[in-house]
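What follows is the residue order along each chain.
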Amino acid sequence: MSAGKTDSKAIIPAHVAVIMDGNGRWAAERGLPRLAGHKAGAEAVSRCLRAAIHRGVKYLTLYAFSSENWQREPTEVADLTSLLRFYLRHKVAELHSEGVRICFIGDLARFDVSLREELARAETLTRNNSRITLLLALSYGGRGDIVQAARRLVQAVQQGDLKPDQITETLFADKLWTAGVPDPDVVVRTSGEFRLSNFLLWQSAYAELVFLDVFWPDFNEGHFATVLDTYARRERRFGARPSV
């Protein structure tokens, strides 16, 4: 089927991944502190999740805190982690009741013990839910993900559990933080920027890329519908020739 013949209503991506960008600029335009932008961004997360559920998306990955974000001012890092802790304490029960499975990917060891315990509780509480899987990328970097997967494979080889010629792309993917999750069909970035910014580098090899000129705090279901419509009009060939 050609792109021009695609029925956009019939094609729903299984996995949507989002680089949520523009909180700081949204706040700056309004003369507000950056924390206000992050709080508004958290509300946009709720809208995005509702839209994904409504549209039948099964996996939603959100780039919430990158490995590079640790380099920001300590006060902003503290604000971000405090906001995360607040939503873990006040929103997880609601998401659980709605059938949302919550998973966290990234170098979680960099967070303090109490926060890691709250992350683990959220995952344990929701692990049997199946309506949608919400993956929050925290202290996440695509290069770091690949490096930690490589280290795990090297260790297996050194221990004699694996031979180098047994390493395949599938086996490598099983060592990534996203093991067991299908690769994203579409990666979205807001705020008018055109970069992946170290997000799901391995997993996005064949993802469709959609860039929106809207700050993340303004993201709504209409924007999500635009993403799905754009995706449906693309023809994914995975290296093959175009269909005729």
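Residues numbered from 1 in each chain as written. Predicted model: local features only at pLDDT ≥ 70, side-chain atom pairs only at ≥ 80, totals over all residues. Heavy atoms only, no water.

A.B. asks: Account for the nonpolar core, with residues named and values stated.
C.D. replies: Residues Val16, Val18, Leu60 and Phe224 are the most contacted members of the largest nonpolar core, which totals 41 residues. Formed by 14 residues, the second largest nonpolar core is a distinct cluster that contains Cys103, Ala137, Tyr140 and Leu200. (Core = buried A, V, L, I, M, F, W, Y, C linked by side-chain atoms within 4.5 Å. Buried < 20%, exposed > 50% of the residue type's maximum accessible area, 1.4 Å probe, protein only.)

A.B. asks: Break down the packing of aromatic side chains for me, with residues and values.
C.D. replies: A full pass over the atoms with the stated rule returns 11 aromatic pairs. Each ring, one from Tyr63 and one from Phe199, has its centre 4.4 Å from the other, and the planes form 20 degrees; the classification is stacked. Here the residue Tyr63 occupies a position in strand E2 (residues 59-66), and Phe199 occupies one in the loop between strand E5 (186-189) and strand E6 (208-211), the gap between them amounting to 136 residues. Ring geometry for Phe65 versus Trp70: centroids 5.0 Å apart, planes at 75 degrees, classification edge-to-face. On the basis of relative accessible area, Phe65 is assigned to the buried category, the value being 4%. (Phe/Tyr/Trp six-rings, centres within 6.5 Å; stacked < 30°, edge-to-face > 60°. Helix = DSSP H or I, 4+ residues; strand = E, 2+ residues; numbered from the N terminus.)

A.B. asks: Quick rundown of the layout of surface pockets? Include the residues and the values.
C.D. replies: Of the voids in this model, the largest pocket is the one considered here, and its volume is about 1,100 Å³. Those elements that place two or more of their residues in the lining of the largest pocket are helix H1 (23-29), helix H2 (34-55), E2, helix H3 (74-97), strand E3 (100-105) and strand E4 (132-140). Class assignment of the residues belonging to the lining of the largest pocket gives a composition of 23 nonpolar, 11 polar and 11 charged. Estimated volume of the second largest pocket: approximately 310 Å³. Every residue lining the second largest pocket is counted, 19 residues in all, and those nearest its centre are Ala173, Asp183, Trp202, Gln203 and Ala205. Residues belonging to the lining of the second largest pocket are distributed by class as follows: 11 nonpolar, three polar and five charged. (1 Å grid on protein atoms, 1.4 Å probe; cavity = no way out; pocket = protein on both sides within 12 Å on 5 of 7 lines; lining within 4 Å. Points joined across faces, edges and corners; volume = space filled by probe spheres on them. Nonpolar A, V, L, I, M, F, W, Y, C, P; charged D, E, K, R; others polar.)

A.B. asks: Summarise unusual backbone geometry; cite the residues concerned and give the values.
C.D. replies: Although it is not a glycine, Ser197 sits at a positive phi angle of roughly 50 degrees. Summarising the element assignment, Ser197 is placed in the loop between E5 and E6. Phi is positive for Asn198, which is not a glycine, with a value near 65 degrees. Mapped onto the secondary structure, Asn198 falls in the loop between E5 and E6. Note on Asn198: relative accessible area 15%, which makes it buried.

A.B. asks: Account for helix H4 (residues 113-126), with residues named and values stated.
C.D. replies: For H4, with 14 residues, the first-to-last C-alpha span of 20 Å sits near the 20 Å given by 1.5 Å per residue. Of the residues making up H4, those classed as buried are Leu115, Glu118, Leu119, Ala122 and Thr126. In a view along the axis of H4, the buried residues occupy a sector of 100 degrees, so they form one face of it. Against H3, E3 and E4 lie the buried residues of H4. (Expected span 1.5 Å × (residues − 1). Arc of directions from axis to C-beta. Contact = heavy atoms within 4.5 Å.)

A.B. asks: With reference to specific residues and values, describe the pattern of salt bridges.
C.D. replies: Evaluation of the coordinates by the stated rule reveals 12 salt bridges. Among the ionic pairs, Asp21 bridges to Arg189, the shortest N-O distance being 2.9 Å. Here Asp21, found in the loop between strand E1 (15-19) and H1, pairs with Arg189, found in strand E5; they are 168 residues apart in sequence, far enough to count as distant. For the pair Asp21 and Arg189, a shared accessibility class is recorded, and that class is buried. (Salt bridge = Lys/Arg side-chain N within 4 Å of Asp/Glu carboxyl O.)

A.B. asks: Hey, could you go over the confidence of the model for the protein for me, with residue numbers and the actual values?
C.D. replies: The share of residues in the protein with pLDDT of 70 or more is 93%, and the mean pLDDT across the chain is 93. Between residues 1-8, whose pLDDT stays under 50, and residues either more than four places distant or in other chains, the model counts 14 contacts. (pLDDT = per-residue confidence, 0-100.)

A.B. asks: Go over the packing of H2 against helix H7 (residues 221-232), please, and point to the residues and values.
C.D. replies: Each packed pair of helices is defined by two parameters, the angle between the axes and the distance between the axes. Their axes nearest at 9 Å, the elements H2 and H7 cross at an angle of 50 degrees. If you check the angle between H2 and H7, you find them oblique. Of the two possible hands of crossing, H2 and H7 adopt the one that is right-handed. Together, Cys48, Ala51, Ala52, His54 and Arg55 of H2 and Glu221, Phe224, Ala225 and Leu228 of H7 make up the contact between the two elements. Of the residues that constitute the contact of H2 with H7, the class distribution is six nonpolar, one polar and two charged. (Axes fitted to C-alpha atoms, helices over the stretch in contact; angles between N-to-C directions. Parallel < 35°, antiparallel > 145°, perpendicular 65-115°, else oblique. Left-handed = near helix turned anticlockwise from the far one by under 90°.)

A.B. asks: Give me the lowdown on helix H5 (residues 142-158), citing residues and values where you can.
C.D. replies: Between the first and last C-alpha of H5 there are 25 Å, a value that for 17 residues agrees with the 24 Å anticipated at 1.5 Å per step. Residues Gly142, Asp145, Gln148, Ala149, Leu153 and Ala156 constitute the buried set of H5. Relative to the axis of H5, the buried residues are bounded by an arc of 135 degrees and lie together on one face. Opposite the packed face of H5, turned more than 90 degrees from it, sit the exposed residues Arg143, Arg151 and Gln158. Where H5 is buried, its residues touch E4 and helix H6 (169-173).

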